[in-house]
Structure formats: structure tokens, C-alpha cells
Amino acid sequence: MVLVRNPRFLNLKLQPSTTTPSTFPSCFPIAAASMVTSCASNSISTTDLDRMNVLGSGNGGTVFKVKNKTTSEIYALKKIKEDMDSTSRQQLLREIEILRLVNYSSIVKCHDIFQNPSGEVSILMDYMDLGTLESLRGKVVTEDQLALMARQILQGLNYLHELKIVHRDIKPANLLRSSKEEVKIADFGVSKIVAKSLNKCNSFVGTYAYMSPERLDSEAEGVTEEDRSNVYAGDIWSFGLTMLEILVGYFPLLPQGQKPDQAAIICAVCFGEPPKAPEECSDKLKSFIDCCLRKKASERWTASQLLNHPFLQHLDNGYIDCCLQ
Ligand SMILES: Nc1ncnc2c1ncn2[C@@H]1O[C@H](COP(=O)(O)OP(=O)(O)OP(=O)(O)O)[C@@H](O)[C@H]1O
């Protein structure tokens with residue numbers, strides 16, 4: 001068990017890439033121009049929803065807790081900002097495109113997407129009552145609790161990677177949890193469907209603090225074509241860093257207490273040794289983190305391999321008290 005002390009979570013965000021294609025691959029039926037679509041089989045109307053309170057807001061808009069008046073079910077409704085520039089609009093379209101495509105227990109489900117007559121777009125999603133993994137700040141996280149979270153996130157990543165989707169922004173702020181012990185991947189604004197443009201998948205979008213060495217500096221010495229084309233490995237680096245951050249309670253690429261800045265982080269990722277789990281952790285956990293945080297993308301384990309790592313295997317052997325509120 002590792003104590004969480006004086007933690008700090010980062011949200012150092014870069015400007016999204018301007019190289020995003022403005023059209024969607026033809027395999028997706030979404031009408032990109034109208035942005036009106038539905039993910040749901042049983043459509044809900046906005047008039048069925050009571051707004052309860054604000055859950056938070058980000059660059060793209062504000063998220064409300066809402067209640068379906070008929071069924072009393074609770075959802076999160078993300079109301080997208082109306083004054084969007086073209087890059088944000090493209091991000092939104094990309095997020096909608098991916099939300100329509102995915103349907104998996106470890107990924108925040110999109111129940112519906114609405115557009116009112118004035119053009120305002122809202123996305124109705126699963127409500128995750130414990131918020132993001134950033135809320136674990138100051139909490140003690142045991143290895144079993146970490147393993148339970150890790151398994152769900154990896155199942156989600158494995159599902160996405162099999163669909164040829166790279167998330168590209170895995171970090172505590174984009175992982176949501178609920179009191180039912182669920183952890184789900186959210187925020188597909190900078191995700192990408194790997195089509196024919198592999199080179200663009202490593203483009204500099206997302207949160208640089210969690211970016212893998214080959215994404216931060218794809219031309220660095222030692223980064224091979226194989227590393228560059230292994231776009232899914234970037235998500236595994238970000239996942240490993242996120243798991244380590246939750247365990248130790250501070251951003252693990254820098255010494256505890258050091259003020260994060262872009263130069264220090266880039267130096268640590270590109271020139272330093274990858275961070276390791278603390279000495280007092282079990283050998284299984286140390287190995288698990290090591291398999292995620294290998295500097296060479298081609299040596300990092302895949303989500304599917306990590307799901308079979310011994311650190312996660314003992315989860316199937318009996319009851320684990322994982323209550324982490
Ligand atoms: N499905 C949800 N259930 C519960 N809370 C949510 C949900 N989605 C978002 N939130 C809360 O709302 C906040 C804002 O979410 P949002 O997706 O708009 O922005 P973000 O991901 O923090 O930022 P950005 O859009 O700039 O990346 C989150 O930090 C979280 O606390």
C-alpha cells in the first residue's frame with residue numbers, strides 16, 4: 001500500500017492539431033455538416049430532462065447532471081459552447097463520430113446527441129458520480145484498487161485499439177469513476193480513427209505531460225519507423241503514467257514538489273529514464289508499470305498483453321475490498 005501525499009495532477013494542454021481532416025471517412029454515416037445524430041436506440045428528448053446541477057466545465061463546454069423526468073434516470077449532459085472556432089468544431093465532430101461508433105462497458109456511453117433550433121449541441125452521457133480520477137487526490141490507493149481500475153481502463157483501451165481508435169489523451173482528468181466501482185474512458189475530442197494516415201496519428205495533440213517519448217519527439221535518435229507507426233503504444237505510455245500518478249499521488253515524471261513546466265517535462269520524457277513504481281510496491285506492480293513505461297514504443301506491452309499481466313491476474317481469485325470513495 002502506498003500513501004498518497006501532497007499530490008498534484010496536471011492539465012497541461014496543447015493546442016489541438018490544425019491538420020485534422022475536415023471530412024469523415026466514408027464508412028461513418030454521420031452527417032458531418034448538420035451534426036445532428038443519435039447514439040441511442042430509445043431516443044430521449046431534451047424536454048424529458050431536468051437540469052440538476054453543474055458537474056464541471058472544460059474547453060468544449062459545460063457538463064450538467066440531469067434527470068429523465070419519466071424514468072428518474074440520471075445522466076450527464078455536455079452542453080457544447082456555441083462560439084466554437086473551426087478547430088473546436090472539428091474536435092467536436094470527431095468526438096461525436098467516435099462516440100457513435102463505440103459501445104463498451106469501460107467507455108462512457110453516449111445515449112443521445114441533441115441540437116436545438118439555434119444550433120446548440122448537447123451530448124447525453126452516462127453519469128459517473130465520483131467524477132474524474134483526479135478526485136483521488138489525497139486518497140490512499142492500494143494495489144488491489146489500482147489493479148481494478150487498471151483492468152477496466154485496459155479493457156476499454158483494448159476495445160478501442162481493436163476498433164483502430166487511438167485515444168491520444170489518456171490522463172486522470174479523462175477517466176471517470178462511479179460508486180459502482182466502475183472506471184470509464186471519456187473525452188474523445190483528440191482521438192483518432194486510424195485509417196490510412198498513420199503519420200497523422202502521432203501528431204502533437206493531447207496533453208503533453210502524458211505524451212510518450214515518440215510522440216513528443218518523433219525525430220529523436222533511436223526512435224525507429226516501427227516506434228512511430230505503433231500509434232497505440234502512445235496510449236499505453238499515458239495509461240502507465242496515469243496509474244503511477246494515482247499510486248504515488250504526484251506527477252511521477254518530476255520530483256515530488258517540483259513545479260511542472262513544459263521544458264522540464266520534455267527533458268524528463270525524452271532524456272531521462274522512465275519513472276518506476278516505488279521500491280515498497282510488489283514485484284508484480286513494479287513489472288506492470290515497467291511494461292507500460294518503456295521508452296521504445298515497440299517494446300511497450302499492448303493493452304491485450306497487459307490484461308494478462310500477473311499484476312491483474314489475482315483479481316479473479318476471490319473478493320477484494322476495493323471500496324474507494
Ligand atoms: N459523464 C460524466 N459524469 C460525471 N461528471 C462528468 C462527466 N463528464 C464530465 N464530467 C465532469 O465535468 C468536467 C468537465 O468535463 P468536460 O468533458 O467538459 O471537460 P474536460 O474533459 O475537463 O476538459 P476539456 O474538454 O477541456 O478536455 C469533468 O472534469 C468532470 O468533472
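The name an unreviewed UniProt entry assigns to the chain is mitogen-activated protein kinase kinase, from the organism Camelina sativa. In the Sequence similarities (unreviewed entry) part of its UniProt record, the chain is described as follows: "Belongs to the protein kinase superfamily. STE Ser/Thr protein kinase family. MAP kinase kinase subfamily."

1. What about the nonpolar core?
In this structure, Phe 239 and Phe 288 are the most contacted members of the largest nonpolar core, which totals 73 residues. The contact partners of Phe 239, leaving out residues within four places of it in the chain, are Ala 150, Ile 153, Leu 154, Leu 157, Ile 170, Phe 288 and Cys 292. In terms of nonpolar packing, the next biggest core, distinct from the first, is built from eight residues, Phe 64, Val 66, Leu 77 and Phe 114 among them.

2. What to know about the pairing of strand β3 (residues 74-80)
In terms of burial, β3 is a largely internal element, five of the seven residues being buried. The pairing of strand β2 (residues 61-68) with β3 spans seven bridges and is antiparallel. The residue of β3 that forms the bridge with Thr 62 is Lys 79. Between the antiparallel neighbours β2 and β3 lie five residues, among them Ser 72 with a positive phi of about 65°.

3. Let's talk about the UniProt feature "binding site: ATP" (unreviewed entry) in the chain
The UniProt entry lists Lys 78 under the feature "binding site: ATP" (unreviewed entry), expressed in the numbering used here. Relative to the assigned elements, Lys 78 resides in strand β3. Beyond its immediate stretch of four places on either side in the chain, Lys 78 contacts Thr 62, Val 63, Glu 95, Val 121, Ser 122, Ile 123 and Met 125.

4. Focus on the packing of aromatic side chains
The description of an aromatic ring pair uses the distance of the two centres, along with the angle that the planes make with each other. In total, this model carries four aromatic pairs according to the counting rule given. Where Phe 239 meets Phe 288, the ring centres are 6.0 Å apart and the plane angle is 85°; that geometry is what we call edge-to-face. Of this pair, Phe 239 sits in helix α6 (residues 232-248) while Phe 288 sits in helix α8 (residues 283-292); the two residues are 49 residues apart in sequence, bridging distant segments of the chain. An identical accessibility class is assigned to Phe 239 and Phe 288; each is buried. Ring geometry for Phe 288 and Phe 311: centres 5.0 Å apart, planes at 45°, overall tilted. Of the two residues, Phe 288 is situated in helix α8 and Phe 311 in helix α10 (residues 310-313); the sequence distance between them amounts to 23 residues. Across this residue pair, the class does not change: Phe 288 and Phe 311 are buried. The structure contains a cluster of three or more aromatic residues connected by ring pairs, namely Phe 239, Phe 288 and Phe 311. Cation over ring: Arg 51 sits above Phe 64, and NZ or CZ is 4.2 Å from the ring centre.

5. Thoughts on the side chain of Asp 126
Relative to the assigned elements, Asp 126 resides in strand β5 (residues 121-126). Judged by its relative accessible area of 15%, Asp 126 is buried. Excluding residues within four positions of it along the chain, Asp 126 makes contact with Ala 76, Ile 107, Val 108, Lys 109, His 111 and Lys 184.

About the cut-offs
- Residues numbered from 1 in each chain as written.
- Predicted model: local features only at pLDDT ≥ 70, side-chain atom pairs only at ≥ 80, totals over all residues.
- Heavy atoms only, no water.
- UniProt positions renumbered as here; feature names shortened; annotations may be inferred.
- Core = buried A, V, L, I, M, F, W, Y, C linked by side-chain atoms within 4.5 Å.
- Buried < 20%, exposed > 50% of the residue type's maximum accessible area, 1.4 Å probe, protein only.
- Contact = heavy atoms within 4.5 Å.
- Helix = DSSP H or I, 4+ residues; strand = E, 2+ residues; numbered from the N terminus.
- Pairing = 2+ DSSP bridges.
- Phe/Tyr/Trp six-rings, centres within 6.5 Å; stacked < 30°, edge-to-face > 60°.
- Lys NZ or Arg CZ within 6 Å of the ring centre and 35° of its normal.

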